[in-house]
Amino acid sequence: MRSWKGFFLTVVVLTLALSLPGLLKPRAVLTAPAFFLKKEGATIGEAFAGEEFTYRVGFWVFDDVAEAKIRLSKDPESSDYIVTLKAHTTGLIAWLREREDVYTARLREVDGGKRFVTVTFEKNVKIGSKTRRTRTVLDHEDGLMTWKKWKRGKERKGKGGEFEMVPGVFYDGPLTAFYNFRYGVYGQVGEGKDFKITTFPKDGGENVDITLKIATEEEYERRKPDWTTPADYLADVRLDKDLFDSRSGKVEMLFNGGLVPVEAVAKDILFFGDVRGKLVELGVDMDFEKAL
C-alpha cells in the first residue's frame, strides 16, 4: 500500500526534523546542552554521542500511530560514530500494517572534528515477512559514491549505481545533516536566513538539495496560532517530495533559542494530510560535567 509507505517515510522525516527538547518523561537532566559543549571545544561527535530520543507521530485525530528512536554512539573499534534510527508502527496501525524501518549510518569527523561526513548509509525495511535493503558507500579518497539494493535477501540486479562526487563538495545524507545542522556546520541561524544542503543524488544522478529558511519575526507571529509549543524560530524546510509521498515536500519546524527543535509538521502527505511529530522521551548517557 503506497499510502502507508508514504506515511511511514514521513515518520522518519519528522524524526530527523526533531532533536534535543526534553518535553516529556526525561530520563536524564542535562547539565549543559550540546550547543554549549561545542563552544567549550567539544568536537561534533563528543557533543552528541550518547543521545537517544523517542518520538511519537500522529495525524488528524490520531496522536499515537508510530514511534521512532534515534541514537548516536561512538564505535568502540574505530574513531567513527554510528547513528541508528528505528521506526515502527504502534497500536491499531501495527495490527493493520506492521512495519519497521531501520536506518544506520557510519559517520566520520573531518576538519578537526568540526563536521561529520557519511561513510556508509544503510536502510532496512521489514513489512510483515517481506524485507528490503539499500546500502550506500561513499569513498572519499576515490571520490566515488556507490549503492546497491536487496529484496528478500537477494541483490536486485540493475538497481544499483554509482556517482562520481565533485571534488570539494560534501554529500550529506539525512542522518549526517541532522547533526551537522545542529552543530552549526551550515552557518549561524537567524531570522530570514536561508540554508542549502547537498544530499545523495537520486538513482538517475539528479541532485536534490535540502533547503531550509528561517522565517522573519513578523512571519512567525502571523503563523503562531498553528502551533502548540513556544519557540523562537520557525523554519520552512523543503525535501525531495518523492521521499515520503508529499505533494509539496514541505516540512515546518519550530526551534527554541538554543537551536533545539521542539515540534515538526510534514505537509500535504498523500491520503493523510498534515502529519505532526513531538519528542516524548529523552535519554543521555554522556557525562556533561566531565566533557566541560
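Just so we're clear, the structure is a prediction, and the values are computed from it rather than from any experiment.

## A closer look at the pattern of salt bridges
Then, in step 1: Throughout the structure, instances matching the rule amount to 15 salt bridges.
Then, in step 2: Of the charged contacts in the structure, one is a salt bridge between Glu219 and Arg222, with a shortest N-O distance of 2.9 Å. Placement of the pair is Glu219 and Arg222 together in helix H6 (residues 217–223), with a separation of three residues, close to one helical turn.
Then, in step 3: Taking the relative accessible area as the measure of exposure, Glu219 reaches 24% and is therefore partly exposed.

## Comments concerning the environment of Leu138
Then, in step 1: On the secondary structure map, Leu138 appears in strand E6 (residues 130–139).
Then, in step 2: Since its relative accessible area comes to 3%, Leu138 is described here as buried.
Then, in step 3: Residues Leu138 and Phe200 lie 62 residues apart in sequence; the distance between their C-alpha atoms is 9.8 Å.
Then, in step 4: Beyond its immediate chain neighbours, meaning those up to four positions away, Leu138 contacts Thr118, Val119, Leu144, Met145, Met165, Tyr171 and Phe200.

## With respect to the packing of aromatic side chains
By convention here, two paired aromatic rings are described through the distance between centres and the angle between planes.
Then, in step 1: One pass over the structure, following the stated rule, counts nine aromatic pairs.
Then, in step 2: Ring geometry for Phe48 and Tyr183: centres 6.3 Å apart, planes at 75 degrees, overall edge-to-face. In this pair, Phe48 is assigned in helix H3 (residues 44–48) and Tyr183 in helix H5 (residues 174–183), connecting sequence segments 135 residues apart.
Then, in step 3: Look at Tyr183 and you get buried, because its relative accessible area is 10%.
Then, in step 4: An angle of 90 degrees between the planes, with centres 5.7 Å apart, marks the rings of Phe181 and Phe195 as edge-to-face. Taken as a pair, Phe181 in helix H5 and Phe195 in strand E10 (residues 194–197) lie far apart in primary sequence, 14 residues in all. Pair check on accessibility: Phe181 and Phe195 agree, each one buried.
Then, in step 5: Chaining the aromatic ring pairs together yields one cluster made of Phe48, Tyr81, Phe116, Phe178, Tyr179 and Tyr183.
Then, in step 6: Between Arg133 and the ring centre of Trp150, over which it is positioned, the NZ or CZ distance is 4.1 Å.

Definitions and cut-offs
Residues numbered from 1 in each chain as written. Predicted model: local features only at pLDDT ≥ 70, side-chain atom pairs only at ≥ 80, totals over all residues. Heavy atoms only, no water. Salt bridge = Lys/Arg side-chain N within 4 Å of Asp/Glu carboxyl O. Helix = DSSP H or I, 4+ residues; strand = E, 2+ residues; numbered from the N terminus. Buried < 20%, exposed > 50% of the residue type's maximum accessible area, 1.4 Å probe, protein only. Contact = heavy atoms within 4.5 Å. Phe/Tyr/Trp six-rings, centres within 6.5 Å; stacked < 30°, edge-to-face > 60°. Lys NZ or Arg CZ within 6 Å of the ring centre and 35° of its normal.

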